[in-house]
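Listed below, chain by chain, are the residues.
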Amino acid sequence: MAFTKVTTPTALAGKLITLTLTTSAADDHVTGVTSGRVYQIKIDNTENTTPVYVKVADTANATAGSTSADLALYTPASKTITYLMDAGHAYSAGVSIWCTTGPSTTDAGSAADSVTITVLAS
């Protein structure tokens with residue numbers, strides 16, 4: 001579970017976060033701030049032969065299998081999908097992100113191979 005955060009000089013958003021998830025454990029508080037907006041999430045699931053669900057919660061601390069996600073973004077097997085939120089998805093406590101093989105809150109199954117997620121946020 002490694003992630004990087006880059007500050008970008010854009011009018012839309014100032015944070016570009018890249019995560020490479022290898023288990024369903026959450027990467028917590030990835031923006032480093034408690035409030036802002038998420039404008040774009042790109043999910044690269046090309047290494048997997050099964051679909052995944054990237055889950056995003058407005059919290060500084062999430063647990064796969066028990067935390068309810070505010071967003072559950074489906075990505076088919078062997079595909080890359082970009083989700084755009086033109087007005088931004090607001091958060092007020094932080095952003096935690098995790099990836100599972102099923103859509104329900106109780107699902108904590110991990111993808112077989114890594115999933116790369118890129119987030120543009122403020």
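Note that the structure is a prediction, hence the values are computed from the model and not measured. Residue numbers run consecutively from 1 along every chain, following the written order of its sequence. In view of the model being predicted, local features appear only for residues whose pLDDT reaches at least 70, and side-chain atom pairs are presented and counted only at 80 or more, with totals across whole chains, interfaces and linings using the full set of residues. For the side-chain quantities, the full set of heavy atoms in the structure was used; hydrogens and water were omitted.

Visitor: How should I be thinking about the packing of aromatic side chains in this particular structure?
Guide: Two numbers describe a pair of aromatic rings. These are the distance of the centres and the angle of the planes. Only the six-membered ring of Trp is used, alongside the rings of Phe and Tyr, when aromatic pairs are assigned; centres must lie within 6.5 Å, and planes under 30 degrees apart are stacked while those over 60 apart are edge-to-face, with the rest tilted. This structure, assessed with the given rule, holds one aromatic pair. Ring geometry for tyrosine 53 versus tyrosine 74: centroids 5.3 Å apart, planes at 55°, classification tilted. Separated by 21 residues along the polypeptide, tyrosine 53 in strand S4 (residues 52–57) and tyrosine 74 in strand S5 (residues 71–75) bring together distant segments of the chain. Note on exposure labels: buried denotes an accessible area under 20% of the residue type's maximum, exposed denotes more than 50%, and partly exposed covers the range between, all computed with a 1.4 Å probe on protein chains only. Take tyrosine 53: its relative accessible area is 17%, and that puts it in the buried class. Owing to a relative accessible area of 36%, tyrosine 74 belongs among the partly exposed residues under this scheme. Strands are runs of DSSP state E lasting at least 2 residues, helices are runs of H or I lasting at least 4, and numbering of each runs from the N terminus.

Visitor: Help me understand the environment of threonine 18, please; the structure alone is not making it clear to me.
Guide: Relative to the elements of secondary structure, threonine 18 occurs in strand S2 (residues 15–21). Separated by 56 residues in the primary sequence, threonine 18 and tyrosine 74 place their C-alpha atoms 18 Å from one another.

Visitor: What is the right way to look at the pairing of strand S8 (residues 115–121) in this model?
Guide: Side-chain direction in a regular strand flips from residue to residue, so the side chains alternate between the two faces of the sheet. Among the seven residues that make up S8, five are buried, leaving the element largely enclosed by the rest of the structure. In this description, strands pair whenever DSSP reports at least two bridges between them. As judged from the seven bridges shared by S2 and S8, these two strands associate in the antiparallel manner. Looking at S8, one finds that leucine 16 is bridged to leucine 120. The pairing of strand S3 (residues 36–44) with S8 spans six bridges and is antiparallel. Bridge pairing in S8 links lysine 42 to threonine 118.

Visitor: Sorry if this is basic, but what is going on with the nonpolar core here?
Guide: Proteins that are soluble and globular tend to have nonpolar side chains buried together. Ranked by size, the top nonpolar core spans 22 residues in total, and within it Leu19, Val38, Ile41, Ile97, Ile117 and Val119 carry the most contacts. Those elements giving two or more residues to this core turn out to be S2, S3, S4, S5, strand S6 (80–91), strand S7 (96–100) and S8. Here a residue-residue contact requires only that any non-hydrogen atoms of the pair lie within 4.5 Å. Apart from the residues lying within four places of it in its own chain, the contact partners of valine 38 are Met85, Gly88, His89, Tyr91, Val95, Val119, Leu120 and Ala121. For our purposes a nonpolar core is just a set of buried Ala, Val, Leu, Ile, Met, Phe, Trp, Tyr and Cys residues, chained together by side-chain atoms within 4.5 Å.

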